[in-house]
Amino acid sequence: AQSVTQLGSHVSVSEGALVLLRCNYSSSVPPYLFWYVQYPNQGLQLLLKYTSAATLVKGINGFEAEFKKSETSFHLTKPSAHMSDAAEYFCALTGAGRRALTFGSGTRLQVQP
Amino acid sequence: DTAVSQTPKYLVTQMGNDKSIKCEQNLGHDTMYWYKQDSKKFLKIMFSYNNKELIINETVPNRFSPKSPDKAHLNLHINSLELGDSAVYFCASSQEAGLSDTQYFGPGTRLTVL
């Protein structure tokens, strides 16, 4: 069975500080990994995805994530947080013939002025 | 120009009622999905259709019945609503049913069962 674990349900950073949101996965086959962002009362928007082309993936809004097979991780980073980055972030995967996204429990990012 | 749209955005109803949520995508995608987000924000797949054919049917009470009249539409009908059905329901679509295909989400329908 596949699973996604997001460490830290809430992360708070100061504006301009590094953002690091953690995601670890479990999969019997090489997975495809995704980060989605959900702003309040909105749907989910894709930030970036890993499809085995490159281990360092760059996404929208200055976010990037690195796939580390040895650590089964796909952590999301951004060098400098903006107030507008405050949202819920979800890590998800597909794989092993399972087309639907398996989501982690989400991390709420707060950005302090 | 909304890519994936859902109606209604909010739905408040009494226990025991039957309700439907509609979803339409104008992206020309072949695959559509229904996800449920519970009160703790956890998202879980319910159903998926590819070219009007059901390809994913998770362990969901049979009070929930999806219907896909064409590739651009996937509706969700819920019979005999229960308190535990209160959640946000998201429709999504992807180009095909490939594992790496990006899924595009609608704005969600917040269902409240009283």
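Structure: see above.
Residues numbered from 1 in each chain as written. Chains lettered and ligands numbered in written order. Predicted model: local features only at pLDDT ≥ 70, side-chain atom pairs only at ≥ 80, totals over all residues. Heavy atoms only, no water.

**Re the pattern of salt bridges**
Here is step 1 of the chain: Counted by the stated rule, this structure contains 6 salt bridges over all chains.
Here is step 2 of the chain: Of the charged contacts in the structure, one is a salt bridge between A:Glu64 and A:Lys58, with a shortest N-O distance of 2.8 Å.
Here is step 3 of the chain: We classify A:Lys58 as exposed; its relative accessible area is 62%.
Here is step 4 of the chain: For the salt bridge of A:Arg108 with A:Glu88, the shortest nitrogen-to-oxygen distance reads 3.3 Å. Within this pair, whereas A:Arg108 is found in strand β12 (residues 107–112), its partner A:Glu88 is found in strand β10 (residues 87–95), the two being separated by 20 residues in sequence.
Here is step 5 of the chain: Three or more residues are tied together by salt bridges with common partners; here these are B:Arg63, B:Glu82 and B:Asp85. (Salt bridge = Lys/Arg side-chain N within 4 Å of Asp/Glu carboxyl O. Buried < 20%, exposed > 50% of the residue type's maximum accessible area, 1.4 Å probe, protein only. Helix = DSSP H or I, 4+ residues; strand = E, 2+ residues; numbered from the N terminus.)

**Quick notes on the nonpolar core**
Here is step 1 of the chain: Counting 26 residues, the largest nonpolar core has A:Trp35, A:Leu48, A:Phe74, A:Leu76 and A:Tyr89 as the members making the most contacts within it.
Here is step 2 of the chain: Those elements that place two or more of their residues in this core are β2 (10–14), β3 (19–21), β5 (32–38), β6 (44–50), β8 (64–68), β9 (73–78), β10 and β12 of chain A.
Here is step 3 of the chain: Here this core takes 4 residues from β10(A), the largest share from any one element.
Here is step 4 of the chain: What A:Phe74 contacts, discounting residues up to four positions off in sequence, is A:Cys23, A:Leu33, A:Phe34, A:Trp35, A:Leu48, A:Lys49, A:Tyr50, A:Val57, A:Ala65, A:Glu66 and A:Phe67.
Here is step 5 of the chain: In this structure, B:Trp34, B:Phe47, B:Val60 and B:Leu111 belong to the second largest nonpolar core, which totals 20 residues. (Core = buried A, V, L, I, M, F, W, Y, C linked by side-chain atoms within 4.5 Å. Contact = heavy atoms within 4.5 Å.)

**A closer look at the interface of chain A and chain B**
Here is step 1 of the chain: Chain A puts 25 residues into the contact, and the matching count from chain B is 23 residues.
Here is step 2 of the chain: Both faces considered, chain A and chain B share a buried interface measuring about 1900 Å² in area, 57% of it formed by carbon and sulfur atoms.
Here is step 3 of the chain: Interface area lost by chain A to chain B is led by A:Leu44, A:Arg99 and A:Phe103, which between them contribute 30%.
Here is step 4 of the chain: There are 0 salt bridges connecting chain A and chain B.
Here is step 5 of the chain: Taken together, chain A and chain B are joined by 5 residue pairs in polar contact (both at pLDDT 80 or more).
Here is step 6 of the chain: If you list the elements that add at least two residues to the side of chain A that touches chain B, you get β5, β6, β10 and β11 (98–103) of chain A.
Here is step 7 of the chain: The biggest single contributor to the side of chain A that touches chain B is β11(A), with 5 residues. (Buried area = accessible area lost by both parts, 1.4 Å probe. Polar contact = N/O pair within 3.5 Å; in protein donor to acceptor, adjacent residues only side chain to side chain.)

None of this, on its own, says anything about what the molecule does.
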